[in-house]
Amino acid sequence: MKDELSHVPFGLGEVNPYNKYFTGVSYLNPLSKGALGVFNVTFEPGCRNFWHTHLASKGGGQMLLATYGRGYYQEEGKAPVELLPGDSVFIEPGVKHWHGAAKDSVFSHVAIEVPGENASTKWGEEVTEEEYAKVNKFHKQGKVVQTAGRDKLTGLADEFARLNDDVLFGEVWSRSSYLPIKKRCVLTVVALVSQGVTDSSLEYHIRNAKKQGVGKNELTESLTHIAMYVGWPKVWAALNYAKNIYEN
Ligand code: MN
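Residues numbered from 1 in each chain as written. Predicted model: local features only at pLDDT ≥ 70, side-chain atom pairs only at ≥ 80, totals over all residues. Heavy atoms only, no water.

It is not clear to me how the coordination of the manganese ion should be interpreted in this structure. Could you clarify?
Here the manganese ion is held by the protein donor atoms His 52 (NE2), His 54 (NE2), Gln 62 (OE1), His 97 (NE2) and His 99 (NE2), which lie 2.2 Å from it. When the donors of the manganese ion are listed by position in the chain, the intervening gaps give H-x1-H-x7-Q-x34-H-x1-H. Taken together, the residues span a long stretch of sequence, with His 52 in strand E6 (residues 52–55) and His 99 in strand E12 (residues 97–101) at a distance of 47 residues. Accessibility classification places His 52 together with His 99 in one group, the buried group. (Donors = N, O, S within 2.8 Å, 3.2 Å for Na, K, Ca; no water. Helix = DSSP H or I, 4+ residues; strand = E, 2+ residues; numbered from the N terminus. Buried < 20%, exposed > 50% of the residue type's maximum accessible area, 1.4 Å probe, protein only.)

This is the structure in structure tokens:
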């Protein structure tokens, strides 16, 4: 993890001097010396800050830009929101909330303190283990659930079915902390096409890519990019699926 921490975008900085308001260890790297407070905050797996509120008599609030790993943001009384690189949150002044890492992932976000009059942060109680466990349960509910192996192969190849549903789709595909799900979708399509696997499994994975938010242009550009490396007809076959899936 030390190696991973040293490679986060915008730099790790120092052990956070505000760690007394955090469960676990976080790091703080101030990015601005000017009037606008911009900080890179990195959380070790399982680390999160206490419930808190950004206060101001005018203006104020906080902007979070997720840059690395997987984390969460939660407002009091609302469902937690998963944060992956590229996600952003604007936190209105006066809204009680917390932010931090998933239990199995380093997480970094840039925090921008929105200027305001009499701006301050009011720190509240710790996010309890019960509250935090609910967040990680929420994540489990959001992951890919695959039953195709057991549906098709039970009685013929039970162990292959278990490995397919629980290990390949259950574990490998769920490691979204290190690679967003959309990139996993594109990589999987590329891997299949490059081997010449253009059967129903390729169709499934192109359909899944669309479902997970991979755009038509992103997919077709990826396929165009690899075409001369992997062989022209393989990409033709993939584009035939993509045409049906994206244009219907
Ligand atoms: Mn905050």
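Before we go on, may I ask you to explain the pattern of salt bridges in this structure?
Side-chain pairs of opposite charge can arise whenever the charged atoms involved come near each other. The final tally for this structure, using the stated rule, is 11 salt bridges. Note that Lys 78 and Glu 75 form a salt bridge whose closest N and O atoms lie 3.1 Å from each other. On the basis of relative accessible area, Glu 75 is assigned to the buried category, the value being 17%. As a salt-bridge pair, Asp 165 and Arg 150 come within 3.7 Å of each other at their nearest N and O atoms. Here Asp 165, found in helix H4 (residues 158–172), pairs with Arg 150, found in helix H3 (residues 148–153); they are 15 residues apart in sequence, far enough to count as distant. Its relative accessible area of 4% is what places Asp 165 among the buried residues. We classify Arg 150 as partly exposed; its relative accessible area is 37%. Members of the salt-bridge network, linked through shared partners, are Arg 70, Glu 82 and Asp 104. (Salt bridge = Lys/Arg side-chain N within 4 Å of Asp/Glu carboxyl O.)

What should I look at first to understand the layout of surface pockets in this one?
Which parts of space are left empty comes out when a probe the size of a water molecule is rolled across the atoms. Considered as a void within the structure, the largest pocket measures approximately 510 Å³ in volume. Along its surface, the largest pocket is lined by 18 residues, and Asn 164, Phe 169, Ser 201, Tyr 204 and His 205 are the ones closest to its centre. Every element with two or more residues in the lining of the largest pocket is listed here: H3, H4, helix H5 (181–195) and helix H6 (200–211). Among the elements that make up the lining of the largest pocket, the one with the highest residue count is H4 (five residues). Here the lining of the largest pocket spans two domains, since at least three of its residues come from each of domain 2 (142–177) and domain 3 (180–248). (1 Å grid on protein atoms, 1.4 Å probe; cavity = no way out; pocket = protein on both sides within 12 Å on 5 of 7 lines; lining within 4 Å. Points joined across faces, edges and corners; volume = space filled by probe spheres on them. Domains from an automatic or database assignment.)

How do you make sense of helix H8 (residues 232–246) when you look at a structure like this?
In an α-helix, one turn spans 3.6 residues, which is why side chains three or four residues apart end up on the same side. Taking 1.5 Å of rise per residue, 15 residues should cover 21 Å, and H8 covers 20 Å from first to last C-alpha, within 8% of that figure. Every buried residue of H8 is accounted for by Val 235, Ala 238, Tyr 241, Ala 242, Ile 245 and Tyr 246. One side of H8 holds all its buried residues, which, seen down the axis, span an arc of 120°. Opposite the buried face of H8, by more than 90 degrees, sit the exposed residues Trp 232, Pro 233 and Trp 236. (Expected span 1.5 Å × (residues − 1). Arc of directions from axis to C-beta.)

When you look at the domain arrangement of the chain in this model, what are you seeing that I'm missing?
Interfaces are often sized by the accessible area lost when the parts come together. Taken domain by domain, the chain consists of domain 1 (2–138), domain 2 (142–177) and domain 3 (180–248). Each of domain 1 and domain 3 was reduced to a C-alpha centroid, and the two centroids are 36 Å apart.

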